[in-house]
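# Observations on chain architecture
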Amino acid sequence: MSRSACSRCVRPATHCLCPLIPALASRTRVVVLQHPAEARHPLNTARLAALGLSSARVLVGERFEPAQWQVPGHAPHLLFPGPEARSLAPGGRSASDLPLLLVVPDGTWRHARSLLHRNPEVAGLPRLALPTGTGARYRVRHAREEGALSTLEAIVHALNALEAPACYDALLRPFDALVEGQIAGMGAEVYERHHVRRQGTR
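Residues numbered from 1 in each chain as written. Predicted model: local features only at pLDDT ≥ 70, side-chain atom pairs only at ≥ 80, totals over all residues. Heavy atoms only, no water.

## With respect to the nonpolar core
In a soluble, globular protein the nonpolar side chains are often hidden away together inside. One finds Val 30, Leu 79, Leu 102 and Leu 152 to be the most contacted residues of the largest nonpolar core, which totals 35 residues. Those elements that provide at least two residues to this core are strand E1 (29–34), helix H2 (45–52), strand E3 (75–79), strand E5 (100–106), helix H6 (151–162) and helix H7 (173–186). Top contributing element to this core by residue count: H6, with 8 residues. Val 30 has contacts with Leu 53, Ser 55, Ala 56, Arg 57, Leu 101, Leu 102, Val 104, Ile 155 and Leu 159, leaving out every residue within four places of it along the chain. With 15 residues, the next largest nonpolar core counts Val 31, Val 71, Leu 78 and Val 103 among its residues. (Core = buried A, V, L, I, M, F, W, Y, C linked by side-chain atoms within 4.5 Å. Buried < 20%, exposed > 50% of the residue type's maximum accessible area, 1.4 Å probe, protein only. Helix = DSSP H or I, 4+ residues; strand = E, 2+ residues; numbered from the N terminus. Contact = heavy atoms within 4.5 Å.)

## Considering the pattern of salt bridges
Taken as a whole, this structure holds 2 salt bridges when the rule is applied. A salt bridge links Glu 62 to Arg 118; its shortest N-O distance comes to 3.5 Å. Placement of Glu 62 in the loop between strand E2 (56–60) and helix H3 (66–69) and of Arg 118 in helix H4 (residues 109–118) is noted, with a sequence separation of 56 residues between them. The partly exposed category is assigned to Glu 62, whose relative accessible area is 32%. (Salt bridge = Lys/Arg side-chain N within 4 Å of Asp/Glu carboxyl O.)

## Overview of H2
Across the 8 residues that make up H2, a large majority, 6, are buried. When we look at burial in H2, the residues that qualify are Thr 45, Ala 46, Leu 48, Ala 49, Leu 51 and Gly 52.

## Structural notes on the side chain of His 74
Relative to the helices and strands, His 74 resides in the loop between H3 and E3. Using a relative accessible area of 18% as the deciding quantity, one classes His 74 as buried. In terms of polar contacts, His 74 uses its side chain to reach the backbone carbonyl oxygen of Pro 72, at 3.4 Å. Once you skip the residues sitting within four places of it in the chain, His 74 turns out to touch Arg 27, Arg 29, Pro 99, Leu 100 and Leu 101. (Polar contact = N/O pair within 3.5 Å; in protein donor to acceptor, adjacent residues only side chain to side chain.)

## A short note on unusual backbone geometry
Omega for the peptide link from Ala 164 to Pro 165 comes to 15 degrees, which places this bond in the cis form. Residue placement: Pro 165 occurs in the loop between H6 and H7.

## Quick look at the sheet that holds E5
Pairing in this open sheet of 6 strands is parallel, and the strands run E2-E1-E5-E3-E6-E4 from one edge to the other. This sheet does not close on itself; its edge strands, each paired only once, are E2 and strand E4 (86–87). Across 2 bridges, the pairing between E3 and strand E6 (residues 127–129) is parallel. Across the sheet, the residue bridging to Leu 78 is Arg 127, located in E6. The strands that H6 touches are E1, E3 and E5; relative to E5, the one it contacts most, it runs at about 165 degrees. (Pairing = 2+ DSSP bridges. Axes fitted to C-alpha atoms, helices over the stretch in contact; angles between N-to-C directions.)

Here is the structure:
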C-alpha cells in the first residue's frame, strides 16, 4: 500500500472517503461472503459496508465453514433471490424471534452462484429477497439481471426494512462519492455513451 493511501478506506489520501463513512450499528448482523475476484474490484462496496457498520464483517474466499459465518444468538438468513425467498418488509423477524444474521454473497451473479454451490450450508439457509422495483444507484456497472444492486445497496435496503424506523442510507454516502468520481473521470460523453444509453446498469 502506498504511504499516501488512507489505511482505513484504502484510497489515495487526496481522495480519502473517511469523512463520508458513518459509524452505525444494528441489531441485525451482516456477514458478507466475498468472492476473491470481487475483493480486487476498485469500488468494493462490501468493504464500505464493513467500514460504516459495526455489526458487519467481510470474509473473502470460495469455501467457508459454518463456524466462520455463524453468529451465536442470531438466526441466519441468506440475502439472495430465489423461488422460495421471502420478500423483506419493514419489521421482518425470524421465526424464532431471534435477531437476524444476514449472509450476503458478494461478486458477479456467476461468482455468487458459485459461492452458493461450494457452500451448501449457506445455500440451504432460509432466503430473503428485496422487494421488486428497488432502485439501483450503481450507474457505472452493468448486470444482465433487471434490478440488480451493488452489495452495499442491497444491505442498506435490507437493513432499512429490518431495522425500521431506523435508516441506513448514510452508508451510501461514500458509495455515491465513488460513483461520481468514476463518472467525472471518464467524462460526460463516455458516460452518456456507455452507461446512460445502455440498458441494465447497476
